[in-house]
Amino acid sequence: MVSVGSKSLPSRRHRTTEEDSLMGERGKSSNNNHSDRKKGMFRKDQRGGRGFDGDSNKRNQSGGAPNVKPASKKQSEFEHQNQFVRKEIDPETSKYFSEIANLFDSNEVDLEERSVICGNALEETRGREYEIATDYIISHVLQTLLEGCELDQLCSFIRNSAEVFPAIAMDRSGSHVAESALKALATHLENPDAYSVIEEALNSICQVIVDKPLDMLCNCYSSHVLRRLLCLCKGVSLDSPELYGTKSSKALAKRLNLKTSQLDESNLEIPHQGFPDVLKYLLSGLLSCSREDMKYLQVDQYSSLVLQTALRLMVKQDEELLEIIPLVLGCNSSNKKKEGFHIDTKAAKEILEPMKDNSFSHLVEVILEVAPENLYNEIFNKVFKNSLFELSVDRCANFVIQALISHAKDQEQMGLIWEELAPRVKDLLEQGKSGVVASLIAASQRLQCHEHKCCEALVGALCSTNESRISIVPRLLFLDSYFGYQDKSTWEWAPGAKMHVMGSLILQGIFKFSSDHIQPYITSLTSMKADYIIETAKDSSGARVIEAFLASNAATKQKRRLIIKLRGHFGELSLHTSGSFTVEKCFDACNLTLREAIATELLDVRVDLSKAKQGPYLLRKLDIDGYASRPEQWKSRQESKQSTYNEFCSAFGSNKSNFPKNTFVSDASEDAPQELKVKNTWKEVDHHSTSGIKRHREEHARDKDEPFAGEKRTKQRKNKTSEATDKPKLAGSKRPFLSGEMTGKNRHSNKLRI
């Protein structure tokens, strides 16, 4: 017997049939306490899908799924070169590790004894690391030993197994052992004294990996181990969302300016200093393959993931990226000394066809996100120029174009993109590539160029020349339904149908533009029937469109025109998770009368609302309890809040700002929507002086010593015009496509249209 502390482990010198049967029972037992260790054995190759245009294509799984690509000749060569002859585990060894597992499961071992047992057991693996690590059952015990041993014992195991580390990592069970070893190393990074020991252990396995890197890169198990190793060398965790693969919804939010931070602007958290020399050595080894081999790595689903992780780890390290990206693209130039010649022009066009592959398209998206500006410009000009539409209509490559557009650097680049894609907006929508159109709109808004042209191109794609623009918003809300309809001129609203996510995102982007450019969209939305507005507000995608409109710099009377159509349904909407946000936006954009109406409706459903997810927040934000107990004080507080808000807007706001101004709280502003009627009345007064209306209003205004409404508005318009004329133009403040003269004309025509 081998004694460890107060515990005894069996001798491993005698082989019995009883011990053989023990291993069989251990594999079959459903009551085994190690079943939880087995649950995480099968790892997904990729989290989530593409997401943007409803493309359900996912990376192929390794379990014989129907979409798995057949193994190529190249891959077969890689796997054949790494065939290890695995020796059978003798029953003594199986019995020994089984006893250790049972001992740990009993929870009778204290921390100090556990560490000693782990060290002794790891010593028993010396010379047989590959056989033990790749055993289906014992590998789970080995994982526990690596997690519980001391640093010296851990590093000793890694150094001893360095020669067979790639083979262990490429095995289904062994890959988890390799990952456990790397995770255990990461727990010691906070100890500065451990730095040199860990670096030595990492060097030992990296030297073996770089000898034949293709073997590990193209394997479904070892590729994940490689990603873990790269992250450890960098000093970060592979589990961070920036590295493991951002969820499609978050990536889409960044791409469409729905989030302020972009990947290249985000700071990758590096809690530890890492091992930069080891990382550089490992990366150079992984990329030191021929251009022919790199072409295969680009389209292999597993190696693509490794390369994506490597690129994300090098964010903002421009010198390294200038070397790595051309190698990964397989078009590195031999004339690197000359400025702007990192990409070989002839080889650049050869990557267009592989870009239609699922794995390579993912890889190029990451390249465009992390590429330094000068390299991005070179890739844009040498690879993508004059090929944008061809790639935009491809199932996979269209996501690359979305990334290219969302990372456009300046207005000049956006102009080149616009020239190629603007005439084909309708084709893109018809072929279901609305994500490209949404990216165009978002980039135009971000770079403040082609805004008016974007709006007009979209109108042209959805409405024929002789057709009214009044239906443009409904058609965007049901984008697939509209373009799938045979006779589009007879298309009508589809009651009860789910609204199109990308169509709603396009509208959200549109409503970020200046109101001068989006009047057709405002008119279309505010002219919708009340039933359609209510249905839109109840839909999660449609509700965001309404919220975007209410947050825009559209006129307050136009916003109120929409809000009034929701009156009587605010209580019902507030009980919906998405509708509660819409109610809040409506409340913020309302005058006092409508705010009181909303509060009254919410008061009727207060009990149910308090139980809803967003209910307590909405009740607190709108102060419904305060309205119920003291309505007059509630009104006074609302007026005070709004006047403070308006003073802030006057002091810090600007005419060009998208900062929404709520200039109406009191009911006195209710006259604003009657402006057209007042103008028509004045025309009648000019022709029929006997009516006495003008004289009556002037006298009434004189009695109060204030100008009457029509005169006041006229003076305000004149003052604004004179201020705009007298104010000198600042450099860089030019608003494209709108001269001062045209601005006035547009406003006049918009008012008449509404």
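Residues numbered from 1 in each chain as written. Predicted model: local features only at pLDDT ≥ 70, side-chain atom pairs only at ≥ 80, totals over all residues. Heavy atoms only, no water.

J.: Talk me through the overall build of the chain; I want residue IDs and the actual numbers.
T.: Summing up its helical and strand segments, the chain has 46 helices and two strands in all. For the chain, restricting intrachain contacts to residue pairs at least 6 apart in sequence, the fraction spanning at least 24 positions comes to 74%. When the accessible surface of the chain is summed, it comes to about 37,100 Å², and 48% of that surface belongs to carbon and sulfur atoms. (Helix = DSSP H or I, 4+ residues; strand = E, 2+ residues; numbered from the N terminus. Contact = heavy atoms within 4.5 Å. Areas by Shrake-Rupley, 256 points an atom, 1.4 Å probe, with all protein chains shown as cover.)

J.: Got a sec to walk through the nonpolar core? Specific residues and values, please.
T.: By size, the foremost hydrophobic cluster in this structure holds 196 residues, and its most contacted members are Leu202, Phe384, Leu458 and Tyr521. Ranked by residues supplied to this core, first place goes to helix H27 (residues 434-447) with eight residues. (Core = buried A, V, L, I, M, F, W, Y, C linked by side-chain atoms within 4.5 Å. Buried < 20%, exposed > 50% of the residue type's maximum accessible area, 1.4 Å probe, protein only.)

J.: Please set out the pattern of salt bridges residue by residue, giving values where relevant.
T.: The full count for this structure, using the stated rule, is 20 salt bridges. In this structure, lysine 356 engages glutamate 390 in a salt bridge whose closest nitrogen and oxygen atoms are separated by 3.4 Å. Of this pair, lysine 356 sits in the loop between helix H20 (345-348) and helix H21 (358-370) while glutamate 390 is found in helix H23 (residues 388-392), placing the two residues 34 residues apart along the sequence. The class of lysine 356 is partly exposed, set by a relative accessible area of 24%. Overlapping salt bridges, with partners in common, bring together Arg255, Arg312, Glu365 and Glu369 in one network. (Salt bridge = Lys/Arg side-chain N within 4 Å of Asp/Glu carboxyl O.)

J.: Help me get a handle on the packing of helix H8 (residues 151-160) against helix H11 (residues 195-209), residues and values and all.
T.: The contact between H8 and H11 brings their axes to 9 Å, and the two run at 15°. Accordingly, the angle class assigned to the pair H8 and H11 is roughly parallel. Regarding H8 and H11, the two cross each other, and that crossing is left-handed. Facing Leu151, Asp152, Cys155, Ile158 and Arg159 of H8, the residues of H11 in contact are Val197, Ile198, Glu200, Ala201, Ser204 and Ile205. Split by residue class, the contact of H8 with H11 holds seven nonpolar, one polar and three charged. (Axes fitted to C-alpha atoms, helices over the stretch in contact; angles between N-to-C directions. Parallel < 35°, antiparallel > 145°, perpendicular 65-115°, else oblique. Left-handed = near helix turned anticlockwise from the far one by under 90°. Nonpolar A, V, L, I, M, F, W, Y, C, P; charged D, E, K, R; others polar.)

J.: How would you explain the UniProt feature "repeat: Pumilio" (unreviewed entry) in the chain if you had to name every residue and give the values?
T.: Here, UniProt's "repeat: Pumilio" (unreviewed entry) annotation points to residues 382-419. In the segment residues 382-419, helix accounts for 71% and strand for 0%; the C-alpha atoms at its two ends are 17 Å apart. (UniProt positions renumbered as here; feature names shortened; annotations may be inferred.)

J.: Account for the confidence of the model for the chain, with residues named and values stated.
T.: Interpretation of the predicted coordinates at a detailed level should be avoided for regions scoring low in pLDDT. Averaged over the chain, the pLDDT score is 78; the fraction of residues at 70 or greater is 71%. For the chain, per-element mean pLDDT is lowest for helix H46 (residues 740-753), which scores 34, and highest for H23, which scores 97. Note that residues 260-266 has pLDDT below 50 and, in this model, 14 contacts with residues that lie over four places away or in other chains. Ignoring residues within four places in sequence, the model shows residues 661-718, a span with pLDDT below 50, making 51 contacts including any to other chains. (pLDDT = per-residue confidence, 0-100.)

J.: I'd like a rundown of unusual backbone geometry, residues and numbers included.
T.: Although it is not a glycine, asparagine 386 sits at a positive phi angle of roughly 70°. With respect to the helices, strands and loops of the structure, asparagine 386 is situated in the loop between helix H22 (373-384) and H23. Of note, glutamine 448 is a non-glycine position whose phi angle comes to about 55°, a positive value.

J.: Can you break down the side chain of serine 515 residue by residue, with the values?
T.: For serine 515, the location among the structural elements is in the loop between helix H31 (501-510) and helix H32 (519-526). For serine 515, a relative accessible area of 14% corresponds to the buried category. Setting aside residues no more than four positions away along its own chain, serine 515 makes contact with Ile522, Asn553 and Ala554.

J.: Can you lay out the packing of aromatic side chains for me, pointing to particular residues and giving the numbers?
T.: Any aromatic ring pair is given by two values, namely how distant the centres are and how the planes are angled relative to each other. Within this structure, the stated rule accounts for eleven aromatic pairs. Residues tyrosine 96 and phenylalanine 97 carry aromatic rings whose centres are separated by 5.4 Å and whose planes lie at 85° to one another, so their mutual orientation is edge-to-face. Phenylalanine 97 carries the same exposure label as tyrosine 96, and that label is buried. Sitting over the face of the ring of phenylalanine 104, arginine 114 holds its NZ or CZ atom 4.2 Å from the ring centroid. (Phe/Tyr/Trp six-rings, centres within 6.5 Å; stacked < 30°, edge-to-face > 60°. Lys NZ or Arg CZ within 6 Å of the ring centre and 35° of its normal.)

J.: Let's hear about helix H24 (residues 397-406): which residues, and what values?
T.: Most of H24 sits inside the fold, with ten of its ten residues counted as buried. Along H24, the residues that are buried comprise Ala397, Asn398, Phe399, Val400, Ile401, Gln402, Ala403, Leu404, Ile405 and Ser406.

J.: Give a description of H32 that names residues and reports values.
T.: Buried residues dominate H32, accounting for eight of its eight residues. Inspection of H32 places Gln519, Pro520, Tyr521, Ile522, Thr523, Ser524, Leu525 and Thr526 among the buried residues, and these make up the whole buried set.

J.: Mind laying out the environment of isoleucine 324, listing which residues take part and the relevant values?
T.: As for its position among the elements, isoleucine 324 is in helix H19 (residues 318-329). On the basis of relative accessibility, which here comes to 11%, the residue isoleucine 324 falls in the buried class. As a C-alpha pair, isoleucine 324 and isoleucine 367 span 43 residues in sequence and 9.9 Å in three-dimensional space.

J.: Could you give an account of the environment of serine 156, naming the residues involved and the relevant values?
T.: By the secondary structure assignment, serine 156 is in helix H8. Using a relative accessible area of 16% as the deciding quantity, one classes serine 156 as buried. As for serine 156 and arginine 126, which are separated by 30 residues in sequence, their C-alpha atoms are 9.5 Å apart.

J.: I'd like a description of the environment of glutamate 369, backed by residues and values.
T.: Here glutamate 369 shows up in helix H21. Spatially, the C-alpha atoms of glutamate 369 and valine 315 are 8.9 Å apart, while their sequence positions differ by 54 residues.

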